[in-house]
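What follows is each chain in one-letter form.
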Amino acid sequence: MIWLTCCHRDSTANRFMSSTMVVHNTEQNSGLDLIQLAGRLCLALVFFAAGISKIPDWASMVAMVQARGLPEPELLLGAAAALQIVAGAFLLLGWHTRLAALALAGFTIVATVIFHPFWDSAPNRFELDFAIFMSNLAVLGGLLFIAGTGGGRHSLDSGPGED
């Protein structure tokens, strides 16, 4: 907590007055730190779980990538799963947090445009693709926020003596 005292002139009484204001230092505000941690963990779990879930359903996931006409579907799927698992774990732990968030943001943009182009969807898929596109846009916003602010106090990036 920081105490600030300032003097000002009270024009009604024609004298100087003193006021004290308390400023709460956010570095010591564990409530906000815990909110930041919870947000980071929620986003991390989305990607970590998505990467893991690709493994047991590998054949149908490869077929989905093939259906989009992408080259080397097994290689692309393997890279996507590895990125989601590794960057998701980094985000979860708060280690190389900004880099992990940026990598996942790039992945989210590419995957969303390729797999959920609502503007080009069949009428029976329009609502689903639009909802997923907008949901992914919100996830992208969260990732960009983390990329800008870092992992916070409850992260491996925040070692002793670091801000």
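Going along each chain's sequence as written, the residues are numbered from 1 onward. Totals for whole chains, interfaces and linings use every residue, but because this is a predicted model, local features are given only for residues with pLDDT of at least 70 and side-chain atom pairs only at 80 or more, for both listing and counting. Side-chain metrics rest on all non-hydrogen atoms present in the structure, leaving aside hydrogens and water.

## A look at the pattern of salt bridges
In what follows, salt bridge is the name for a side-chain nitrogen of Lys or Arg lying within 4 Å of a carboxyl oxygen of Asp or Glu. Tallied over the entire structure, the rule returns two salt bridges. D33 is the salt-bridge partner of R153, the closest N and O atoms lying 3.1 Å from each other. With R153 in the segment after α5 (126–149) and D33 in helix α1 (residues 30–53), this residue pair connects regions lying 120 residues apart in the sequence. A 1.4 Å probe rolled over the protein chains alone gives each residue an accessible area, and that area as a share of the maximum for its type sets the label: buried under 20%, exposed over 50%, partly exposed in between. Using a relative accessible area of 8% as the deciding quantity, one classes D33 as buried. A salt bridge links R125 to D129; the shortest N-O distance between them is 2.6 Å. We classify D129 as buried; its relative accessible area is 2%. We count a stretch as a helix when DSSP gives it H or I for four or more residues in a row; a strand needs E for two or more, and each element gets its number in order from the N terminus.

## Remarks on the packing of α1 against helix α3 (residues 73–93)
Helix axes are fitted only over the stretch in contact, all axes being lines through C-alpha atoms; the angle between N-to-C directions runs from 0 to 180 degrees. Running from N to C, α1 and α3 cross one another at 155 degrees; their axes reach a closest spacing of 7 Å. Compared by their axis directions, α1 and α3 come out roughly antiparallel. Classified by chirality, the crossing of α3 by α1 is left-handed. Residue-level contacts link R40, L41, L43, A44, L45, F47, F48, A50, G51 and I52 of α1 to A81, Q84, I85, G88, A89, L91, L92 and L93 of α3. The nonpolar class holds Ala, Val, Leu, Ile, Met, Phe, Trp, Tyr, Cys and Pro. Asp, Glu, Lys and Arg form the charged class, and all remaining residues, Gly among them, are polar. Each residue belonging to the contact of α1 with α3 can be placed in one class, and the counts come to 14 nonpolar, three polar and one charged. When an angle is under 35 degrees it counts as roughly parallel; over 145 it counts as roughly antiparallel; between 65 and 115 it counts as roughly perpendicular; any other value is oblique. Left-handed is the label given to a crossing in which the near helix is rotated counterclockwise from the far helix by less than a right angle, and right-handed is the label when the rotation is clockwise. We call two residues contacting when some pair of their heavy atoms lies within 4.5 Å.

By themselves, these figures tell us nothing about what the structure is for.
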